[in-house]
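# An overview of the molecular structure
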Protein chains: 2
Amino acid sequence: MPENKAKKLSTDSYKGVRDFFPEDMAIQNAIFDIWRVTARKFGYEQYDASVLEPADLYKAKTGEEIVNEQTYTFIDRGDRQVTLRPEMTPTVARMIAARKRELIYPVRWFSMPNLFRYEQPQRGRVREHWQLNVDIFGVESINAEVEILNIAYDITRAYGLKDTDFEIRINNRKIVNYILHEVFPLSDEAAHKLGKLIDKKNKMKAEAFDITVREIFQDSKASIPDPDVTADKFLTLLNSKNFEEFTSHLPQTKEEHEGLKEVRAVLAALEKLGITNARFDQTLMRGFDYYTGTIFEVYDLNAANNRSVFGGGRYDDLLAIFGNEKVPAVGFGAGDVVARDLMETYGNLPKQTGPADIALLIVGEENAPFAFEKAQELREKGLRISVDFSLKKTGDKVSNASKRGIPKIIVIGDDEVKTGTLKVKNLSTGEESML
Amino acid sequence: MPENKAKKLSTDSYKGVRDFFPEDMAIQNAIFDIWRVTARKFGYEQYDASVLEPADLYKAKTGEEIVNEQTYTFIDRGDRQVTLRPEMTPTVARMIAARKRELIYPVRWFSMPNLFRYEQPQRGRVREHWQLNVDIFGVESINAEVEILNIAYDITRAYGLKDTDFEIRINNRKIVNYILHEVFPLSDEAAHKLGKLIDKKNKMKAEAFDITVREIFQDSKASIPDPDVTADKFLTLLNSKNFEEFTSHLPQTKEEHEGLKEVRAVLAALEKLGITNARFDQTLMRGFDYYTGTIFEVYDLNAANNRSVFGGGRYDDLLAIFGNEKVPAVGFGAGDVVARDLMETYGNLPKQTGPADIALLIVGEENAPFAFEKAQELREKGLRISVDFSLKKTGDKVSNASKRGIPKIIVIGDDEVKTGTLKVKNLSTGEESML
């Protein structure tokens, strides 16, 4: 017999993950509904996979170190290294690659997986979270970007934000590469360093940022002849106030650079759609290595909580790790934790509704069978019926129904069984009506 | 830079788990809908928790061995032993125990978790599956059983089975204990052995079963004076054709045994509800140690596939492992794999519907912005709109819409942009109408 551990076992969940009691689940379901309804409006189909994935799936792109340190990875008894998925993009790439020839393009898919990251739990950074993933595959033109940004915009609006509450910031990896490798011919190492630095710009003091930029240029004397002057030029470019100013600091070529053309076209298309809170942001980098073109982030402009809330971009190369030819892809991931925060901040959390439309209160145990029958008849009409067959006093039953948020009650006692007529009472108005 | 693993990485999922491509996800969602809608009709509220649970949660009831051999259990870097939940009951018990004092009873909760078991994958036995869990807490009377059985019946009917396609078999742990310990005063060890044997009865030849029963009685000579005669009596009892015959073989006492009374009352209440395919089954055991009263299983009577499809019962002691006083509980778990099998067998799989209500086919790239605008207007009316902005010929676009199962199309070319009038074409009837 197993050891008796009575009075020992904790009721806490595992560290860094959440229990969803019904009132939390109702909010979670409201978020899932926003995600599902919005994605479906754009013709996206839902897919899913297991949280367990072969660890190799992540090593291919992110390297051994990240897999071991930031993910839940363990060896199973078949000696397979298995990872609890930390993101969905490698999984969807795997699934697309598996059916590459059978699919009709463009493929529009969405998913709402739970993801795991092995990190110290803190506000907004739990070890398990849910994330909407929306991706379109097989489109090379910026129509894909426009559609994905349209969905991202609709999702943010559905959270309860007005146009003035947020901003969609857009950049393009092609521009980033053009700046760091061509306009400023930095070494790969220096370009990489500078890229990482820009990614952290918003979290740094301006002075510290400028000093570090100058250091990187100083260290790049080999390819940059006049590092101080060049660093100034770079900082001027980086501090441009808008897209037009930014392009004015770039070499004027006959044909505009592809990345610049894409940004221009995306912003114009969004404006035509009435999405006027999108803007170019040359400092937007996004960490993931797999982006190849447009990148974007939705920013909450709330003074108290200015931050990136979710983002995505174009990643045309990801399927290459499966030995396939390229499949163009654009997509984003939006998490549940920030969704809940936003809905709370902007007063858009769903009202908690009761678990039933009517509570049937049984008075006298012998009347239970009749009540069960009536309950079933009402359920067949589509109503949610909760039967109270407790031995509590009728008054307590009424007050429990009210506490639970059930709006109406039907009392079933001897009279009701005899006559067969039932009265529905509305608990907030006191009104009674025959069923 | 990470090593390039091109042309190496497999597109297979991890062993024993499933990918849900959209056509599979549609079926999965149909199952989830049946579960959710049915549970809610009875006033049940949804909850959830993480798949990660402290391993101690399972050790408390099932013992060290089962936790290590049949579950995914690993040590995290904080030296915590963590398990991927193999069942939901310990989790819901943990959550109820955590809020025991604040909850209003009866508590009616349901969940649709994914569960993990570390076993060799085979038909119907995957390593990850989803399971509806429905539980009612705080009710000592058999009203709880009647409601839970009513839900189990409704779920099975919603899968597409008629009353004649299945049977609800009912037993009671109190009767089992009464038979094995009092009517036949076996030692604890012999009673345990015999219980396990009865659990396997349906999978054994009758002769082999009888022989093993006789052996157990022979080994129990210490407490059973005339083992051969007693084994005969036991087998006669066990082979009873129905509840009345079964009780007739039992000692006739002034007051009927509590377990028998409960079975009688449950069957009568179900009959009153019009559920006439429930019957007593004295050989029903159900493996889980935690059941304390009524146990039940839904059986598919399909000749080709006669089997238990899901079940549950009363488990009044489970919260004790948290050091709490007892909370009466009745519930069941129903899996997705068998649900899908049943829906397939009984011709009730959902029709695959297209990902959109209308496909907007763009003719001429320059008309994309207009199409995007129109698409968005239609979405605001609640329609699911898929925009085809590929560079394919219009005929190919029409045929793709049809292949995808999208029932209607709108072509957007120069004319439509000029006049602003759009024609909707129904692909199956060929009918056209103005928007």
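Structural notes, computed from the coordinates. (Residues numbered from 1 in each chain as written. Chains lettered and ligands numbered in written order. Predicted model: local features only at pLDDT ≥ 70, side-chain atom pairs only at ≥ 80, totals over all residues. Heavy atoms only, no water.)

## What about the sheet that holds strand β2 (residues 52–54) of chain A?
All names here are of chain A. With antiparallel pairing, three strands are arranged side by side in an open sheet as β2-β4-β3. Every other strand in the sheet has two partners, leaving β2 and β3 (73–75) as the edge strands with one partner each. With strand direction ignored, the average angle separating the axes of adjacent strands in the sheet is 35 degrees. Here β2 runs beside strand β4 (residues 81–84); their pairing, made up of three bridges, is antiparallel. Across the sheet, Glu53 pairs through a bridge with Thr83, a residue of β4. (Pairing = 2+ DSSP bridges. Helix = DSSP H or I, 4+ residues; strand = E, 2+ residues; numbered from the N terminus. Axes fitted to C-alpha atoms, helices over the stretch in contact; angles between N-to-C directions.)

## Remarks on the environment of Glu128 of chain A
As for its placement among the helices and strands, Glu128 of chain A is situated in strand β7 (residues 128–137). Given a relative accessible area of 1%, Glu128 of chain A falls into the buried group. A sequence separation of 42 residues divides Glu128 of chain A from Pro86 of chain A, and the C-alpha atoms of the two residues are 8.8 Å apart. The contacts of Glu128 of chain A, once residues within four sequence positions are left out, are Gly16, Val17, Arg18, Asn114, Leu115 and Phe116 of chain A together with Ser50 and Val51 of chain B. Within polar-contact distance, the side chain of Glu128 of chain A engages the side chain of Asn114 of chain A at 2.9 Å. Of the polar contacts made by the side chain of Glu128 of chain A, one reaches the side chain of Ser50 of chain B; its length is 2.8 Å. (Buried < 20%, exposed > 50% of the residue type's maximum accessible area, 1.4 Å probe, protein only. Contact = heavy atoms within 4.5 Å. Polar contact = N/O pair within 3.5 Å; in protein donor to acceptor, adjacent residues only side chain to side chain.)

## Some remarks on the packing of helix α5 (residues 143–158) of chain A against helix α12 (residues 368–380) of chain B
It is the contact of α5 of chain A with α12 of chain B, at a shortest axis distance of 12 Å, that shows an interaxial angle of 25 degrees. By the angle between their axes, α5 of chain A is roughly parallel relative to α12 of chain B. Once α5 of chain A is placed against α12 of chain B, the crossing between them reads as right-handed. Two secondary-structure elements touch here, α5 of chain A through Asn143, Val146, Glu147, Asn150 and Asp154 of chain A and α12 of chain B through Ala368, Phe372, Gln376 and Arg379 of chain B. (Parallel < 35°, antiparallel > 145°, perpendicular 65-115°, else oblique. Left-handed = near helix turned anticlockwise from the far one by under 90°.)

## Re helix α7 (residues 206–219) of chain B
Residue and element names in this part refer to chain B. Taking 1.5 Å of rise per residue, the 14 residues of α7 would be expected to cover 20 Å, and the 20 Å separating its terminal C-alpha atoms lies within 8% of that figure. Taken together, the buried positions of α7 are Phe209, Val213, Ile216 and Phe217. Looking straight down α7, one finds that the buried residues subtend no more than 95 degrees of arc, so they occupy a single side. With respect to the buried face of α7, the exposed residues turned more than 90 degrees away are Glu207 and Asp219. Tucked into the core, α7 has its buried residues touching α6 (188–199) and α8 (227–238). (Expected span 1.5 Å × (residues − 1). Arc of directions from axis to C-beta.)

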